[in-house]
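# Summary of structural features
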Amino acid sequence: MPPTSKTEAHASSAFVTSLRRAAAARESGDAQTAASCLEAAARLHPLDDASLELLITGLFQQQRHGEAVELAAIIAQLDSNRAVAQFRHGYALQMANRHGEAIAPYRRALAIDPAMRLLRNNLACALLLTGADTDEQLTLLQDAVRDAPSEVESWINLANAYRTKQDLPRSIEAGARAVQSAPDNALAHNNYALTLREAQRWDEAVQAATTAHRLAPQDPSMHSNLAMLELMRGHYAQGWPLHEARWDGSMELGGHRPAMPGPVWRGEPLAGKTLLVWGEQGMGDVLQFCRYIPMLAKRVHDEGGRLVWNSFPQLGALLPRSLASHVDDYSAGGGVESLPPFDFEIPLLSLPWIFDTREDTIPARSPYLFADPTAGELWKKRFAGESRLKVGLTWTGSLGHQRNPFRRVELERYAAHFGGLQNVAFYSLQPGATADVAAARAAGLPMADYTAELATFDDTAAFIDALDLVITVCTSVAHLSGALGQRTWVLLDVNPHWVWLLDRADSPWYPSATLYRQPQFGQWEPVLEAVTRDLATLAGKHCPA
């Protein structure tokens, strides 16, 4: 059992020390010392597999991850020819979120015993979580379900791998098999819902996500995923409360909420109190939801409180210029220790829930952010000789975002469709994409690139202010352009970020935006054809100012 008292903890420490000495002695060829140390260890704790599993599990339960991994590593070193010891080491590393390090012990176990239960599944997971080649993941999981067709974990991960590979029919098939194999498995239903979303089978996706939530009502990931579906469908009354689980249930946010020195505000009276509101998630989220600052400030001040706001330094002077006059103090960046004193705190994306937002009560329809007029005029003067329609382009979001492979548009597609258009001048809004821009030019799409001069989002805002149109995928530029009230065309995959809702070409969040949606999974050609047609029409009507 895991040590719970000081005596037991000491025994556990002595046990690990004995094992460590045994491993070192064996490594040096001192068999007698190794045997003696193993005997000493066995007197402190049993060395059978079940007892070792209990001890390692207990260490993880006590959040002693480093000790658990070390113990598993020493046992793997001592039992280098046993697959179970290597598997245990890999699993301990994965439990400690050290997925890349888990690959080597899993591979050693696979070489010893390829038929070991869950081995290929776990190795495939480690490969997935480190961004390794999906072909090997698929091979491992296909072999796993072939040899053990009742193992739900392998079907779940095979559905994920197929979805990552953008093989939707096989992903749906694997997801359905997972649900059939284990109808009471919440993760199987939750994962199936993710795949059904890609297939635009929304009612079935909601049913699967709801089932997952019912089977695991305490699991925040089930809350979070159901929230995304409800919000995407415009069911804000159901979605906002579930969305509060994002800090524990979201893959990107899970476990990363800052430890604040004050309680979360849930609507308590604020007379004589200071409320801190702070930015969270990505830049696009802050750009979209900072619109709530004036509404929040009015409530706080009407109650006799103070409002302080902390956001991201990458936004430059854009937020303080546009909105900081509403708050009592504005700051950007710094750690929790640098924040001003406060009595309550709330992250920015909880404000729609606090204000019980519905589509017809979304505050501050754009524009609500304002570019530096001086910087904007300088760009307009630089473009004074350009009589063509000035169009800014982005074609990818953050490369590390889990959905970026689905939402990005290959620049070659832009080149193929836009390259022959007349009366249009294209400008890159994609930072750090010099090679892409060069490739686009080589492919027949002339594009100017001033992004090296855009150090902050405030700089980019001034640049966008001097354009006639922004064409973008779902990324922070879409939110920036929309918040500025610029004409914005957003290209969306079939399973978009919930903000863009479903089955509509407009956005209640950004009245200046037009949405171009994939008709089916992976189909960008119809989107580009529609954008090209509308762009040609707009360019034909354009007259220089």
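Scope of this entry: the structure provided in the associated data block. (Residues numbered from 1 in each chain as written. Predicted model: local features only at pLDDT ≥ 70, side-chain atom pairs only at ≥ 80, totals over all residues. Heavy atoms only, no water.)

As a further point, take the overall build of the protein. Regarding its fold elements, the protein presents 26 helices and 9 strands. Judged by the C-alpha coordinates and their principal axes, the protein covers about 90 × 60 × 45 Å. Considering the protein as a whole, with its 545 residues, one finds that 53% of them fall into the buried category. Relative to all contacts within the protein whose residues are 6 or more apart in sequence, the contacts with residues 24 or more apart total 64%. (Helix = DSSP H or I, 4+ residues; strand = E, 2+ residues; numbered from the N terminus. Buried < 20%, exposed > 50% of the residue type's maximum accessible area, 1.4 Å probe, protein only. Contact = heavy atoms within 4.5 Å.)

This paragraph deals with the pattern of salt bridges. Overall, the coordinates contain 37 salt bridges when judged by the stated rule. Note that Asp 143 and Arg 146 form a salt bridge whose closest N and O atoms lie 3.1 Å from each other. Here Asp 143 and its partner Arg 146 are both found in helix α8 (residues 134–147), 3 residues apart, which amounts to about one turn of the helix. For Arg 146, a relative accessible area of 55% gives the class exposed. Its salt-bridge partner being Arg 504, residue Glu 359 comes within 3.3 Å of it at the nearest N-O pair. Of this pair, Glu 359 sits in the loop between α19 (351–354) and α20 (373–382) while Arg 504 sits in the loop between β8 (488–492) and β9 (513–517), and the two are 145 residues apart along the sequence. Arg 504 sits in the partly exposed class, given a relative accessible area of 22%. In this structure, a network of salt bridges that share partners links the residues Asp 49, Glu 53, Asp 79, Arg 82 and Arg 88. (Salt bridge = Lys/Arg side-chain N within 4 Å of Asp/Glu carboxyl O.)

We now examine the packing of aromatic side chains. Any two aromatic rings considered together are summarised by their centre-to-centre distance and by the angle between their planes. Applying the stated criterion across every chain, the model contains 26 aromatic pairs. Relative to Phe 463, the ring of Phe 383 lies with its centre 5.7 Å away and its plane at 85°, an arrangement referred to as edge-to-face. Of this pair, Phe 383 sits in the loop between α20 and β5 (389–393) while Phe 463 is found in helix α24 (residues 457–465), placing the two residues 80 residues apart along the sequence. Taken as a pair, Phe 383 and Phe 463 share a single burial class, namely buried. (Phe/Tyr/Trp six-rings, centres within 6.5 Å; stacked < 30°, edge-to-face > 60°.)

What follows is about the sheet that holds strand β2 (residues 306–311). Read from one edge of the open sheet, 4 strands run β3-β2-β1-β4, paired in parallel fashion. In this open sheet, the two strands that pair with only one neighbour each are β3 (329–332) and β4 (344–347). Each adjacent strand pair in this sheet contributes to an overall mean axis angle of 20°, direction not counted. Examined bridge by bridge, β2 and β3 share 4 bridges and lie parallel to one another. Its bridge partner lying in β3, Trp 309 is registered against Tyr 330. Set on the sheet, helix α17 (residues 293–302) makes contact with β1 (274–278) and β2; between it and β2 the angle comes to about 150°. (Pairing = 2+ DSSP bridges. Axes fitted to C-alpha atoms, helices over the stretch in contact; angles between N-to-C directions.)

The description of two helices packed together rests on the angle between their axes and the distance between the axes. The contact between α20 and α24 brings their axes to 8 Å, and the two run at 50°. Here α20 is positioned oblique relative to α24, judged by the angle of their axes. Seen from above, α20 lies across α24 with right-handed handedness. Listed contacts from α24 to Ala 375, Gly 376, Trp 379 and Lys 380 of α20 are Asp 459, Ala 462, Phe 463 and Asp 465. For the contact of α20 with α24, the per-class residue count stands at 4 nonpolar, 1 polar and 3 charged. (Parallel < 35°, antiparallel > 145°, perpendicular 65-115°, else oblique. Left-handed = near helix turned anticlockwise from the far one by under 90°. Nonpolar A, V, L, I, M, F, W, Y, C, P; charged D, E, K, R; others polar.)

You can see Val 277 is positioned in strand β1. Here Val 277 falls in the buried class, since its relative accessible area comes to 0%. Ignoring anything within four residues of it in the chain, the contact list for Val 277 reads Ile 293, Leu 296, Leu 307, Val 308, Trp 309, Asn 310, Ile 346, Leu 348 and Leu 351.

Along its 14 residues, helix α2 (residues 31–44) runs 20 Å from first to last C-alpha, staying within 8% of the 20 Å computed at 1.5 Å per residue. Those residues of α2 lying buried are Ala 34, Cys 37 and Ala 41. Within α2, the buried residues cover an arc of 70° as seen down the axis, which keeps them to one side. Every exposed residue of α2 that faces more than 90 degrees away from the buried side is listed here: Gln 32, Glu 39 and Arg 43. (Expected span 1.5 Å × (residues − 1). Arc of directions from axis to C-beta.)

On to unusual backbone geometry, then. A positive phi angle is found at Asn 97, which is not glycine, with a value near 60°. Mapped onto the secondary structure, Asn 97 falls in the loop between α5 (83–95) and α6 (99–112). A residue is classified by how much of its surface remains accessible, and Asn 97, at 61% relative accessible area, is exposed.

So, on to the side chain of Ser 481. Summarising the element assignment, Ser 481 is placed in helix α25 (residues 476–483). When its relative accessible area of 0% is taken as the criterion, Ser 481 is described as buried. Side chain to side chain, Ser 481 and Thr 488 meet in a polar contact 2.6 Å long. Excluding residues within four positions of it along the chain, Ser 481 makes contact with Ile 464, Val 470, Gln 486, Arg 487, Thr 488 and Ser 512. (Polar contact = N/O pair within 3.5 Å; in protein donor to acceptor, adjacent residues only side chain to side chain.)

Turning to the packing of helix α13 (residues 220–232) against helix α14 (residues 236–243), a few remarks are in order. In contact at an axis separation of 8 Å, α13 and α14 are set at 150° when each is read in the N-to-C sense. As summarised for this structure, α13 and α14 are arranged roughly antiparallel, according to the angle between their axes. Between α13 and α14 lies a crossing whose hand is left-handed. The segment α13 lies against α14, with His 223, Ser 224, Leu 226, Ala 227, Met 228, Glu 230 and Leu 231 engaging Tyr 236, Gln 238, Gly 239, Trp 240, Leu 242 and His 243.

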